[in-house]
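Take a look at the letters that make up each chain.
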Amino acid sequence: MATAPESNTGGESEAGGKSETNAKFGSSQSGASSNPPKPNPSKPNPREAAVEALVRLAAEQPWNDIEVGDIAREAGLSLAELRDLFPSKGAVLGGLSRIIDRKVLEVDTADLADEPARERLFDVLMRRLDAMTPYKPALRRIAFALRGDVLSMLALNGVALNSHRYMLAAAGIDTEGPLGRLKLQGTVIAFARTVEVWLEDDDPALARTMAKLDREIRRGETIMERADDARRLTAPLRALGRALMERRSRNDRTPPASDPEDRDPAAAI
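Residues numbered from 1 in each chain as written. Predicted model: local features only at pLDDT ≥ 70, side-chain atom pairs only at ≥ 80, totals over all residues. Heavy atoms only, no water.

Asker: How should the overall build of the protein chain be read in this particular structure?
Answerer: The secondary structure content of the protein chain amounts to twelve helices and zero strands. Each helix and strand of the protein chain, ordered N terminal to C terminal, gives the series α-α-α-α-α-α-α-α-α-α-α-α. Relative to its full complement of 269 residues, the protein chain shows a buried share of 29%. Long-range contacts, defined as pairs at least 24 residues apart, comprise 64% of the intrachain contacts of the protein chain with a sequence gap of at least 6. Looking at the protein chain as shown, the accessible area adds up to about 18300 Å², and 55% of this sits on carbon and sulfur atoms. (Helix = DSSP H or I, 4+ residues; strand = E, 2+ residues; numbered from the N terminus. Buried < 20%, exposed > 50% of the residue type's maximum accessible area, 1.4 Å probe, protein only. Contact = heavy atoms within 4.5 Å. Areas by Shrake-Rupley, 256 points an atom, 1.4 Å probe, with all protein chains shown as cover.)

What follows is the structure, given as structure tokens:
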């Protein structure tokens, strides 16, 4: 009978030692059964968090009153983290364009393959306006603030060119070559004019916006047809000009130098 408590005490000591060891280092069994925390798919990544923060701020206060520190605080980021993501407030605004691009491009447009180019482009640009709808209050205030800022508008035009290159691609419209660049810039201008109407169009059916977009696309078609005609008419003159330039280049070409160093292409640097 005297040995029973001794045995229990030893068991308790052994169990206590195991518990203490497990508490310090973790049980291998519990470690095997525990899974690492899964990332929350609904939580935006830091870039999206910064963009969403700017949009919230822009919907509530004047654009020119928003500082990069305000964006960082609203997004739950440090200034260092925000700086690694974006160089400026305008760059954060450009990030919104990428988010909208992705929303549009994730939609399958295969059902539009048999439609005319005008209908395909109309559909893609209307989808873009749909993707912009949650940000409409902020975009309205930003557009008003930047209306007279020429430098900002030029910078945003560059952002728009990148976005609409993909919008035209989604509509199956080429953007390469001289006429392609004209199509691209024309689409940017047409969409900007449409957005001016859209920002003031509170009708859920967007009748005014759709009518404006249709007119702008048709106007662009007319301009592109004239540009294509002009390009075809001037093709012989352009070919003659290239031939004359090539001939002049051959006549002006100096004979190769005898010095090996003079023949080295790096000598022209």
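There's plenty left to go through after this.
Asker: Sorry if this is basic, but what is going on with the side chain of Thr-209 here?
Answerer: With respect to the secondary-structure elements, Thr-209 resides in helix H11 (residues 207–233). When its relative accessible area of 0% is taken as the criterion, Thr-209 is described as buried. Engagement of the side chain of Thr-209 in a polar contact is seen with the side chain of Asp-201, the distance being 2.8 Å. With sequence-adjacent residues up to four places away left out, Thr-209 is seen in contact with Leu-129, Thr-194, Val-197, Trp-198 and Asp-201. (Polar contact = N/O pair within 3.5 Å; in protein donor to acceptor, adjacent residues only side chain to side chain.)

Asker: For this particular structure, what's the right way to read a negative patch on the surface?
Answerer: A cluster of acidic side chains, namely Asp-108, Asp-111, Asp-114 and Glu-115, defines a negative patch on the protein surface. Relative to the helices and strands, Asp-111 is located in the loop between helix H6 (89–105) and helix H7 (117–132). (Patch = residues over 30% accessible without salt bridge, like charges linked within 9 Å, V, L, I, M, F, W, Y side chains within 5 Å. Salt bridge = Lys/Arg side-chain N within 4 Å of Asp/Glu carboxyl O. Lys, Arg positive; Asp, Glu negative; His and termini not counted. Charge placed at Lys NZ, Arg CZ, Asp CG, Glu CD.)

Asker: Teacher, can you tell me more about the packing of aromatic side chains here?
Answerer: Each aromatic ring pair is characterised by the separation of its centres together with the angle its planes make. Scanning all chains against the criterion turns up zero aromatic pairs. Positioned over the ring face of Trp-63 is Lys-89, at 4.3 Å from the centre of the ring. Across from the ring centre of Trp-198, 4.7 Å away, lies the NZ or CZ of Lys-136, which sits over that ring. (Phe/Tyr/Trp six-rings, centres within 6.5 Å; stacked < 30°, edge-to-face > 60°. Lys NZ or Arg CZ within 6 Å of the ring centre and 35° of its normal.)

Asker: Please explain the environment of Phe-86 as it appears in this structure.
Answerer: In this structure, Phe-86 sits in the loop between helix H5 (79–85) and H6. Under the relative-accessibility criterion, Phe-86 is labelled buried at 5%. Along the primary structure Phe-86 and Val-68 are separated by 18 residues, whereas in three dimensions their C-alpha atoms are 9.7 Å apart. Look past the residues within four positions of Phe-86 in its chain and what remains in contact with it is Arg-47, Ala-50, Val-51, Ala-91, Val-92 and Gly-95.

Asker: Can you help me understand the side chain of Arg-128 in this one?
Answerer: Checked against the element boundaries, Arg-128 lands in helix H7. Owing to a relative accessible area of 5%, Arg-128 belongs among the buried residues under this scheme. Here Arg-128 is in contact with Ser-97, Ile-100, Asp-101, Val-104, Ser-163, His-164, Met-167 and Phe-191, once residues within four sequence places are set aside.

Asker: In this structure, what is going on with a nonpolar patch on the surface? I would like to understand it.
Answerer: Residues Val-150, Leu-151 and Leu-154 make up a contiguous nonpolar surface patch of roughly 360 Å² in combined accessible area. Looking at the secondary structure, you find Leu-154 in helix H9 (residues 150–170).

Asker: Can you walk me through H7 in this structure?
Answerer: Residues three or four positions apart in an α-helix share a direction because the helix packs 3.6 residues into each turn. When the terminal C-alpha atoms of H7 are compared, their 23 Å separation across 16 residues agrees well with the 22 Å that a helix rising 1.5 Å per residue should span. The complete set of buried residues in H7 reads Arg-120, Leu-121, Phe-122, Val-124, Leu-125, Met-126, Arg-127, Arg-128, Leu-129, Ala-131 and Met-132. (Expected span 1.5 Å × (residues − 1).)

Asker: What should I look at first to understand the nonpolar core in this one?
Answerer: In a soluble, globular protein the nonpolar side chains are often hidden away together inside. Grouped together as the largest cluster of nonpolar side chains are 50 residues, with contacts concentrated most on Trp-63, Leu-96, Met-132 and Trp-198. Secondary structure elements with two or more residues in this core: helix H3 (46–60), helix H4 (68–75), H6, H7, helix H8 (136–146), H9, helix H10 (177–200) and H11. Aside from chain neighbours lying at most four places away, what touches Leu-96 is Val-51, Val-55, Tyr-135 and Leu-139. (Core = buried A, V, L, I, M, F, W, Y, C linked by side-chain atoms within 4.5 Å.)

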